[in-house]
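These are the residues of each chain, in order.
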Amino acid sequence: MTLQELQEHLQESAESATVEFKRLFHGRGGLYEGYRHLTIDSINKTIINVALYFEEENETALLAMMREFVTKSKEYTTLVLQRRYHRGAPSEVLLGEVPEDLHIIENGMKLKLNLLSNKNSYYFPDMKNGRSFVRENAQNKQVLNLFSYTCAFSVAAKMGGAASVVNIDMSKGALKIGMTNHSLNQLNPKGVSYLPYNILKSFSSIKRKGPYDLIIIDPPTFQRGSFEATKDYEKIIKKLPQIASQECILLACLNSPELESNFIIELIEKFAPSFSFERRLANVTEFVSKDEEKSLKNLVFSRRR
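Model, not experiment: these values are computed from the prediction.

**Student:** Teacher, can you tell me more about the side chain of Glu 106 here?
**Tutor:** The residue Glu 106 is located in strand S6 (residues 103–106) in this model. In terms of polar contacts, Glu 106 uses its side chain to reach the side chain of Arg 131, at 2.8 Å. In this view, Glu 106 contacts Glu 20, Tyr 123, Lys 128 and Arg 131; residues no more than four positions away in its chain are not counted.

The following block contains the structure:
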């Protein structure tokens, strides 16, 4: 793909953008030769966010093209650059300014966004379809949200009519943002709890608040000292029969390019056989990947009596 072709792709993609978050270009999926390092996002139809995951020779020309795109746009006013290959480096505002209290909109749901951080943005856009699934299946359910981060799944569940949601994450800061996300959407706080637990060491406390009708497992692939998917996912699955209701729905998520869907499916068959695999949720169209087994995997299971 040439720079001119990238510009044309960007212009075409931006034409259908609305105030909702949209990925305009997803090079990370490996479909565009020479641009695996690049993603471009539209935020509120006013901000363009460019993320570079490693350095390439054409970076100067690419950024010049992006400046021109924003400058000539009738709607976009701000251009933000995130050099992810510089560990700890702050985001750079190349044009315009970023609002102090920024949030994105996803299917009408508002979620805080920390665009000026190079690491912790508060929001994972590729999980959009997972949140839609939870919203569509949460009516009157007791929901358990494991590795809840900033509680976007919880917001989706409450907007879908969940009776209660238990959010569990080791980060008190993330849970605090989760509370803000609920307030942003004017949701009744009744029935929503935020617990800063180490999940692998807190199953007795988790069990006391159950049983749960809808369980979401969305862990990091690897987080030093707290979770490693290859050895720790199994520990959670072994506990499922103790905390799940008789007709529980499970959404098990995995975002590791090294681990395929069968990694989770086989663990469920071995350690929680009362759960049956139903389907894998389709990924967001804009996040298409050359090899879907290397991309985000959202797997739905259901428990039967």
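**Student:** Whenever I open this one, helix H1 (residues 3–15) confuses me. Can you help?
**Tutor:** Counting along an α-helix, one turn takes 3.6 residues, and residues three or four places apart therefore face a common direction. Between its terminal C-alpha atoms H1 stretches 19 Å, which fits the 18 Å expected from 13 residues at 1.5 Å a residue. Of all the residues in H1, the buried ones are Leu 6, Gln 7, Leu 10, Ser 13 and Ala 14. In a view along the axis of H1, the buried residues occupy a sector of 135°, so they form one face of it. In H1, those exposed residues whose orientation departs by more than 90 degrees from the buried face are Glu 12 and Glu 15. Buried residues belonging to H1 abut strand S1 (22–26), strand S2 (38–43) and helix H2 (59–72).

**Student:** Whenever I open this one, the pairing of S6 confuses me. Can you help?
**Tutor:** Regular strands have side chains that alternate between both faces of the sheet. Pairing of S6 with strand S7 (residues 109–112) involves four bridges; the strand directions are antiparallel. Pairing of Glu 106 across the sheet is with Met 109, part of S7. Following S6, the chain reverses through two residues before pairing antiparallel with S7; Asn 107 in that reversal takes a positive phi of roughly 50°.

**Student:** Honestly, the environment of Gly 173 in this entry has me stumped. Any pointers?
**Tutor:** On the secondary structure map, Gly 173 appears in helix H5 (residues 172–184). What makes Gly 173 partly exposed here is its relative accessible area of 47%. Considered as a pair, Gly 173 and Pro 196 are 23 residues apart in the sequence and their alpha carbons are 9.3 Å apart.

**Student:** I tried to follow the pattern of salt bridges on my own but got confused; where do I start?
**Tutor:** Opposite charge on two side chains makes pairing possible when the charged atoms of those side chains draw close. One pass over the structure, following the stated rule, counts twelve salt bridges. Put simply, Arg 83 and Glu 92 hold a salt bridge, and the shortest N to O gap is 2.4 Å. Between Glu 293 and Arg 280 there is a salt bridge whose closest N-O contact spans 3.1 Å. Separated by 13 residues along the polypeptide, Glu 293 in the loop between strand S15 (275–280) and strand S16 (297–303) and Arg 280 in strand S15 bring together distant segments of the chain. Given the relative accessible area of 23%, Glu 293 is considered partly exposed. A relative accessible area of 24% means that Arg 280 is categorised as partly exposed. Here the salt bridges do not stand alone but share partners, grouping Glu 59, Arg 83 and Glu 92 into one network.

Conventions we followed
- Residues numbered from 1 in each chain as written.
- Predicted model: local features only at pLDDT ≥ 70, side-chain atom pairs only at ≥ 80, totals over all residues.
- Heavy atoms only, no water.
- Helix = DSSP H or I, 4+ residues; strand = E, 2+ residues; numbered from the N terminus.
- Polar contact = N/O pair within 3.5 Å; in protein donor to acceptor, adjacent residues only side chain to side chain.
- Contact = heavy atoms within 4.5 Å.
- Expected span 1.5 Å × (residues − 1).
- Buried < 20%, exposed > 50% of the residue type's maximum accessible area, 1.4 Å probe, protein only.
- Arc of directions from axis to C-beta.
- Pairing = 2+ DSSP bridges.
- Salt bridge = Lys/Arg side-chain N within 4 Å of Asp/Glu carboxyl O.

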